[in-house]
Amino acid sequence: MNARSKHLAQSLPGRQTGRNRGGLSNVLFKPMTLFALMAIGLFSFGAFFVLGGFADDLRKTPPGQATPRSVSAVGYKALQDYMNQVGYIAHETRDDRDYYSRQSQLVIYTPSRTYSRLSSTLEKNTNEIRLVVLPKWSVRQFIPQENEQGSTDWARKNGEDGLSGLGEFNYLFEDIPVIRRVDDISQNIDVKFTMNFQRNLPDLSNLDVESLQYFDLETRWSERQTELMRIRMAEIEEFRKQRAEERGEDYVPLSEKEEAETEEDEGKENEEDVSEPDPLPDYTVLMRINEKPVLIRLEDSQTYILSEPDLINTMAFQTQTGARFALGVIDEVLVASEAELYHADFDVSLHGIENGRNLIKLMVTPPFLAATLCLLLAGGLVAWQGFNRFGDPARVRPDYAQGPVSLAETAAEFMEVANRTHKTGGNYADLIRRQVVDELGFKGRTEAATDKLLDGREKRRALSPTYAELETKISTATPQSYGQYAKALTVWREKMIDTGTLQEDPKS
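The rules behind the values
Residues numbered from 1 in each chain as written. Predicted model: local features only at pLDDT ≥ 70, side-chain atom pairs only at ≥ 80, totals over all residues. Heavy atoms only, no water. Core = buried A, V, L, I, M, F, W, Y, C linked by side-chain atoms within 4.5 Å. Buried < 20%, exposed > 50% of the residue type's maximum accessible area, 1.4 Å probe, protein only. Helix = DSSP H or I, 4+ residues; strand = E, 2+ residues; numbered from the N terminus. Contact = heavy atoms within 4.5 Å. Pairing = 2+ DSSP bridges. Axes fitted to C-alpha atoms, helices over the stretch in contact; angles between N-to-C directions. Patch = residues over 30% accessible without salt bridge, like charges linked within 9 Å, V, L, I, M, F, W, Y side chains within 5 Å. Areas by Shrake-Rupley, 256 points an atom, 1.4 Å probe, with all protein chains shown as cover. Salt bridge = Lys/Arg side-chain N within 4 Å of Asp/Glu carboxyl O. Lys, Arg positive; Asp, Glu negative; His and termini not counted. Charge placed at Lys NZ, Arg CZ, Asp CG, Glu CD. Phe/Tyr/Trp six-rings, centres within 6.5 Å; stacked < 30°, edge-to-face > 60°. Lys NZ or Arg CZ within 6 Å of the ring centre and 35° of its normal. Polar contact = N/O pair within 3.5 Å; in protein donor to acceptor, adjacent residues only side chain to side chain. Arc of directions from axis to C-beta.

Visitor: Honestly, the nonpolar core in this entry has me stumped. Any pointers?
Guide: What tends to happen in soluble globular proteins is that the nonpolar side chains get buried as a cluster. The biggest cluster of nonpolar side chains holds 45 residues, and the ones touching the most others in it are M83, L131, M287, L306, L311, I312 and F325. A per-element tally of this core places helix 11 (residues 320-337) first, with eight residues. Discounting chain neighbours no more than four positions away, the residues touching M83 are Y88, A90, L327, I330, A344 and F346. Counting residues in hydrophobic clusters, the runner-up holds 21 residues, among them V132, L134, I179 and I305.

This is the structure in structure tokens:
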């Protein structure tokens, strides 16, 4: 038998009894092991339950985006760190500010896409001072390819230039001015602030702004959409012309095919559109670059909009001049809005980092945390009470006996009640003797032979008192001494049927 078979044989029930039983059963099912497993399971379930409620708050945003946590070229982590280093109070907020702070502290929104939930967020907090930095770049996370070096925190441009479409900015929120771009940026940039206050800014002539994004306050969005559609149609026509030349076909412009339909549509529009267009909304310009508005304030509101994000994002921090100018832009808004100086909050709720509400968070946060702890304590007490009562249900004893064994038990109870148990001593001794005869295999012999065998076994084992003495004494026993002689007969029976080493009588 190998070691594994021997170990399994020892661990089987019945091979050894009590504390001497070996195997893994005595290790795996110790009380401390069970309690440890239960504690680990309850802790793991509780941690999973609580962390599931706070998953939205702990979830990280994708790197390489225009977020206050991003260190990429389009992120705003550099601005936040720089403000804290020079004495400002700049931290993140998840749309959980107090009422009074919304009226006195600046909140900076940095949407990373033109299609966003900025409109609904601004509608909820109409009384706050806010600076909205319009998006400009269409980027994704930088994942280095073969023979590329870089970090996953960087950003990679989508498309050739990586610029987002200009026709999508009117979806951010209502009454936003038309956005345009200038590709030929002058080397000597002329920056003008509307507010006159003391600034400590360096020479801004070498300010680096790629493809300047500015406001066109003289154009309506409907006119801009028509212009963009015309440009798009021209690109489509150029593509169709190239395809026709490659195939050797005659090129027919779409404008000639739809000329008749277009003339009819224009006639109907001229008849219906007899009212004058709505006047352009008024804006207050706070900063111009090369006479082009870049920072404006919406009329009758505390909403400030910066069209060029490269003035304050990580791109601006390539030089010391750009870093100081980025801080000057923030100061311009703080002074113009009469907000609390040297304080700005960067909103991260637009990027999916917000304090959402759910039942789990409600249960584990004050003031309902106390009620949750009380419920858990009550549940623990109920579980402990149930654990103490664990086991087979207690058997209910019937009021009357059934069967031969039960009949004997009932008769014994009646004899005990009648105080006549000691009168059965002779019969009890005879019962013990017959049990020994059956165990030793002497059944079927004559009475004389059986007596001779039992007497010889008693002598070899030197048993004292003998059966004859015990029979005589228990037959004449009193109620007080009956139990003593009954126990002595039981000991005599155990010694007679014991198959261990015999203790021989020295006289035999």
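Visitor: Explain the sheet that holds strand 9 (residues 283-289) here, please?
Guide: The strands making up a sheet associate through hydrogen bonds between their backbones, and the pairing can be parallel or antiparallel. Strand order in the open sheet formed by eight strands is 1-12-2-3-11-10-9-7, and the pairing between neighbours is mixed. Each edge of the sheet is formed by a strand with only one pairing partner; in this case those strands are strand 1 (89-93) and strand 7 (191-193). Adjacent strand axes in the sheet meet at a mean angle of 25 degrees when their direction is disregarded. Relative to strand 11 (residues 303-306), strand 3 (residues 129-133) is paired through four bridges, and the arrangement is parallel. Within strand 11, the position partnered with L131 by the bridge is Y304. Its contacts with the sheet put helix 5 (residues 77-85) on strand 1 and strand 12 (343-347), and the angle it makes with strand 1 is roughly 140 degrees.

Visitor: Explain a negative patch on the surface to me, please; I cannot follow it from the model alone.
Guide: Judged by side-chain charge, E160, D161, D183, D184, D208 and E210 come together as a negatively charged surface patch. Structurally, D184 can be placed in the loop between strand 6 (178-182) and strand 7.

Visitor: Just checking my understanding: could you explain the packing of aromatic side chains for this structure?
Guide: For any pair of aromatic rings, geometry is given as the distance between the ring centres together with the angle between the planes. Applying the stated rule across the entire model yields five aromatic pairs. Residues Y88 and Y342 carry aromatic rings whose centres are separated by 5.0 Å and whose planes lie at 65 degrees to one another, so their mutual orientation is edge-to-face. Here Y88 is found in the loop between helix 5 and strand 1, whereas its partner Y342 is found in the loop between helix 11 and strand 12, with 254 residues between them in sequence. Overall, the relative accessible area of 47% leaves Y342 in the partly exposed class. Measuring from ring centre to ring centre gives 5.1 Å for Y467 and W492, while their planes differ by 35 degrees; the resulting arrangement is tilted. Here Y467, found in helix 17 (residues 467-475), pairs with W492, found in helix 18 (residues 482-497); they are 25 residues apart in sequence, far enough to count as distant. Taking NZ or CZ as reference, K292 lies 4.7 Å from the ring centre of Y214, over its face.

Visitor: So what exactly am I meant to see when it comes to the side chain of Q213 here?
Guide: Along the chain, Q213 falls in strand 8 (residues 212-216). Reaching out from Q213, the side chain makes a polar contact with the backbone oxygen of S307 at a distance of 2.6 Å. When sequence neighbours within four positions are dropped, the list of residues in contact with Q213 reads L134, P135, K136, L166, F169, I179, R180, R181, V294, S307, E308 and P309.

Visitor: Before we go on, may I ask you to explain the pattern of salt bridges in this structure?
Guide: Close approach of charged atoms allows side chains of opposite charge to pair. For the structure on display, the rule yields 17 salt bridges. For E92, the salt bridge is made with R69, and the minimal N-O distance between the two is 3.0 Å. With E92 in strand 1 and R69 in the loop between helix 4 (55-58) and helix 5, the pair connects residues that are 23 residues apart, well separated along the chain. R224 is the salt-bridge partner of E227, the closest N and O atoms lying 3.3 Å from each other. Of this pair, E227 and R224 both sit in helix 8 (residues 221-247), three residues apart, which is roughly one turn of that helix. Judged by relative accessible area, R224 falls into the buried class, the value being 4%.

Visitor: It is not clear to me how a nonpolar patch on the surface should be interpreted in this structure. Could you clarify?
Guide: On the surface, a nonpolar cluster with roughly 430 Å² of combined accessible area is contributed by F35, M38, W384 and F387. Put simply, the parts of the chain that give the nonpolar patch at least two residues each are helix 3 (31-53) and helix 13 (369-388). Mapping W384 onto the fold places it in helix 13. By relative accessible area, which is 47% here, W384 ends up partly exposed.

Visitor: Just to check I follow, could you spell out helix 5 for this structure?
Guide: All of the buried residues in helix 5 are L79, Q80 and M83. In an axial view of helix 5, the angular spread of the buried residues amounts to 100 degrees, which keeps them on one side of the axis. Its buried side turned inward, helix 5 meets strand 1, helix 11 and strand 12. Of the residues one or two after helix 5, G87 is the one with positive phi, at around 110 degrees.

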